[in-house]
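# Descriptive analysis of the structure
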Amino acid sequence: MLTKEKFIELSQKYSTPLYVYDFDIIKDNVNAFKKAFCARKSIICYALKANSNLSVLKYLSLLDCGCDCVSINEVKRAILAGIPKYKIIYSGVGKSESDIKEALNLDILFINLESIEEMLKVEQIAKDMNKEARISIRVNPNIDAKTHPYISTGLKENKFGVDLDSAKKMYIYANNSKYLLPIGIHFHIGSQLLELEPLILSAKKVVELIWGLLALKVDLKFIDIGGGLGISYGNEEIIDLYSYAQGILSTLSGLDLTIICEPGRRIVGNAGSLVSSVLYEKQNENKRFCIIDAAMNDLIRPSLYSANHRVEFIKLALTNIEIPPLLLDSTPLHSRADIVGPICESGDYIAKNVEIPRMNSGDLVIIRDVGAYGFSMSSNYNSRFKCAEVAIIDSKDRLIRKRDDFNDLISNEIEFL
Ligand SMILES: *Cc1c(COP(=O)(O)O)cnc(C)c1O
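All of these numbers come straight from a predicted model, not from anything done at the bench. (Residues numbered from 1 in each chain as written. Predicted model: local features only at pLDDT ≥ 70, side-chain atom pairs only at ≥ 80, totals over all residues. Heavy atoms only, no water.)

### Concerning the domain arrangement of the protein
Many authors give the size of an interface as the accessible area that is lost as the parts come together. Cut-off, in case you're wondering: Bear in mind that the domain bounds are from an automatic or database domain assignment. Only heavy atoms enter the contact rule, under which two residues are in contact if any of them lie within 4.5 Å. In this description, buried area is defined as the sum, over both parts, of the accessible area (probe of 1.4 Å) that is lost when the two are combined. Distance and chemistry together define a polar contact, namely a pair of N or O atoms within 3.5 Å, with one atom able to donate a hydrogen and the other to accept it when in protein, and with adjacent residues in sequence counting only for side-chain atoms on both sides. Note on residue classes: Ala, Val, Leu, Ile, Met, Phe, Trp, Tyr, Cys and Pro are nonpolar, Asp, Glu, Lys and Arg are charged, and everything else, Gly too, is polar.
Splitting the protein by domain gives domain 1 (91–263) and domain 2 (270–405). Counting from both sides, the interface comprises 7 residues of domain 1 and, opposite them, 9 residues of domain 2. Of the roughly 680 Å² buried at the junction of domain 1 and domain 2 (both faces included), carbon and sulfur atoms supply 57%. One can count 1 residue pair in polar contact (both at pLDDT 80 or more) joining domain 1 with domain 2. Across the side of domain 1 that touches domain 2, the residue classes tally to 4 nonpolar, 3 polar and no charged.

Below is the structure:
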């Protein structure tokens with residue numbers, strides 16, 4: 001747990017806004033998964049999209065993790081960071097021809113197929129390359145994961161995977177193809193899941209299919225149970241990993257399969273904090289705002305998913321700004337305020353209606369649990385720089401990504417006038 005003093009020191013050393021990750025927490029999270037699944041052959045394939053910083057990936061490679069990638073560039077990041085190719089899987093609904101070619105060339109563990117059309121495309125490309133493509137099929141079990149609609153993926157109205165019947169036909173087809181080698185089956189029903197039951201129900205449906213396939217001589221080696229385990233952003237009760245693993249394992253009895261799990265958020269989410277500085281306070285009639293130097297381009301989760309992050313305040317400014325009597329508003333300052341960024345959008349907020357002390361320019365606001373889908377979803381909107389990122393390893397701070405500079409913003413643009 002990082003102390004107040006450490007956050008102050010880091011803000012002065014690296015400036016703000018700044019992402020800080022505590023790698024000890026990442027290690028604990030990985031070890032908790034390992035321990036839960038220790039009774040079976042298993043691989044933790046960290047879902048790279050949650051946080052794809054190369055140092056994070058490198059650290060995870062040292063903890064024996066694999067990676068679940070959803071673009072070919074994520075595959076390349078994983079390889080660059082030292083994740084072994086035989087622990088890399090490639091998922092996603094829209095892989096292009098060149099993506100597939102590269103993935104086959106890179107010889108990763110398998111490609112997760114999400115449609116019949118994609119399977120035929122992979123077969124054709126493998127044939128052209130005279131290779132056998134190792135594949136897995138993403139099954140959509142049509143189960144309500146009971147999470148935010150934007151991050152629910154396992155319902156038939158979602159774009160992901162194929163239904164159980166289509167999957168069965170695809171396996172039979174692939175098993176007869178000289179260029180396809182079906183070795184796995186995959187499901188992933190959503191993110192920030194707080195209930196165990198939908199996960200176990202999905203596993204049961206998938207295992208039923210596995211038994212049906214065995215009878216048809218389709219002999220799979222891997223069951224990829226996806227990720228999606230939620231973390232506590234406030235007071236939510238989270239899924240116990242031991243119960244999760246036991247629940248999954250109990251569906252697999254009699255089957256000799258290696259388990260792949262793909263946690264993203266649960267590995268890095270609670271390890272990250274976003275350190276920002278207060279710019280101004282203001283009050284518009286009934287509404288009080290605290291304007292900070294972090295914005296929706298740095299952390300889009302509140303704007304996109306109405307996510308609630310815990311925020312903490314560190315008073316640094318020595319004196320309150322003296323407002324001349326002429327400008328003084330007679331209405332007293334509200335105790336509750338919205339914490340907002342400088343971006344020109346009303347949806348640009350970090351937290352709403354929170355109880356905060358009177359803040360001054362230079363005080364710090366720490367936004368908690370932003371290690372997952374924080375920096376990785378950030379952008380340069382409003383021509384703002386993407387943040388610097390710092391890792392805390394063995395109590396030492398290390399810069400693992402420099403803040404953008406102006407040249408980063410414009411370097412790919414071509415002058416045409
Ligand atoms: C995003 C994703 C994950 C990880 O989800 P978390 O909620 O971060 O655990 C796992 N598998 C697939 C296929 C994904 O798209």
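### Points about the layout of surface pockets
Heads up, the condition is: Here a cavity is any set of points on a 1 Å grid over the protein atoms alone where a 1.4 Å probe fits but cannot get out, and a pocket is any open set with protein on both sides within 12 Å along at least 5 of 7 lines; a residue lines the site when it has an atom within 4 Å of a point. Grid points are joined across faces, edges and corners, and a volume is the space filled by probe spheres set on the points.
The space that makes up the largest pocket amounts to roughly 600 Å³. In terms of lining, the largest pocket is formed by 30 residues, of which the most central are Lys49, Val70, Thr153, Phe160 and His188. Reported here for the second largest pocket is a volume of approximately 470 Å³. Contributing to the lining of the second largest pocket are 19 residues, with Glu281, Ile323, Leu328, Leu333 and Arg358 lying nearest its centre.

### Observations concerning the pairing of strand S1 (residues 18–22)
So the rule is basically this: Burial classification: accessible surface area is computed with a 1.4 Å probe over protein chains only, and a residue below 20% of its type maximum counts as buried, one above 50% as exposed, and the rest as partly exposed. Only DSSP runs of H or I reaching four residues or more are called helices, and only runs of E reaching two or more are called strands; each is numbered from the N terminus. At least two DSSP bridges between two strands are required for those strands to pair.
Among the 5 residues of S1, 5 are classified as buried, and the element is accordingly described as predominantly covered. Because side chains alternate across S1, one face comprises the buried residues Leu18, Val20 and Asp22, and the other comprises Tyr19 and Tyr21, equally buried. With 4 bridges joining them, S1 and strand S10 (residues 272–284) adopt antiparallel strand pairing. Looking at S10, one finds that Val20 is bridged to Ser273.

### What to know about the side chain of Ser273
Here Ser273 shows up in strand S10. Overall, Ser273 belongs to the buried group, its relative accessible area being 4%. Sequence-distant contacts of Ser273, that is, excluding residues within four places in its chain, are made with Phe7, Leu18, Tyr19, Val20, Ile366, Ile367, Arg368 and Val370.

### Side note on the side chain of Ser61
Relative to the elements of secondary structure, Ser61 occurs in helix H3 (residues 54–62). Excluding its chain neighbours within four sequence positions, the residues that come into contact with Ser61 are Ala81, Gly82 and Ile83.

### Brief notes about the sheet that holds strand S4 (residues 88–90)
Whenever strands of a sheet pair, they do so through backbone hydrogen bonds, lying parallel or antiparallel. The test is simple: Lines fitted to C-alpha atoms define the axes here, with helix axes fitted over just the stretch in contact, and angles between the N-to-C directions of these axes take values from 0 to 180 degrees.
With respect to topology, 8 strands assemble into a closed barrel ordered S2-S3-S4-S5-S6-S7-S8-S9, the strand pairing being parallel. On average, adjacent strands in this sheet sit at an angle of 30 degrees to one another, irrespective of strand direction. As paired strands, strand S6 (residues 133–138) and strand S7 (residues 180–186) are joined by 6 bridges and run parallel to one another. For Arg138, the partnering residue across the bridge sits in S7 and is His186.

### A look at the site of the ligand
Defined as follows: Put simply, a residue is near a molecule or strand once any heavy atom of it comes within 4 Å of that molecule or strand. Exposure was quantified through the Shrake-Rupley algorithm and a 1.4 Å probe, taking into account, for residues, occlusion by the shown protein chains and nothing else. To decide whether a molecule occupies a pocket or cavity, check its atoms: if more than half lie within 2 Å of the grid points, it is inside.
Taken together, 14 residues lie near the ligand, and Lys49, Ser191, Gly228, Glu262 and Tyr373 sit nearest. In the model, an oxygen atom of the ligand is placed 2.7 Å from a nitrogen or oxygen of the Lys49 side chain. Contact between the ligand and Gly264: an oxygen atom at 2.9 Å from a main-chain N or O atom of the residue. For the ligand, the accessible surface in isolation is 390 Å², of which the surrounding protein chains cover 94%. Comparing atom positions with the cavity grids shows the ligand to sit within the largest pocket. For the shell around the ligand, the class distribution of residues is 3 nonpolar, 6 polar and 5 charged.

### Things to note about the packing of helix H4 (residues 72–80) against helix H5 (residues 97–106)
Note the threshold: Angle categories: roughly parallel below 35 degrees, roughly antiparallel above 145, roughly perpendicular from 65 to 115, and oblique for all the rest. Helix crossings are classified by the rotation of the near helix relative to the far one: an anticlockwise turn of less than a right angle makes the crossing left-handed, while a clockwise turn makes it right-handed.
Remark: H4 packs on H5, axes separated minimally by 10 Å, with the N-to-C direction vectors making an angle of 25 degrees. As judged from the angle between their axes, H4 and H5 are roughly parallel. In terms of crossing hand, the pair formed by H4 and H5 is left-handed. Where H4 approaches H5, its residues Ile72, Val75, Lys76 and Ile79 are matched on the opposing element by Asp99, Glu102, Ala103 and Leu106. Residue composition of the contact of H4 with H5, by class: 5 nonpolar, no polar and 3 charged.

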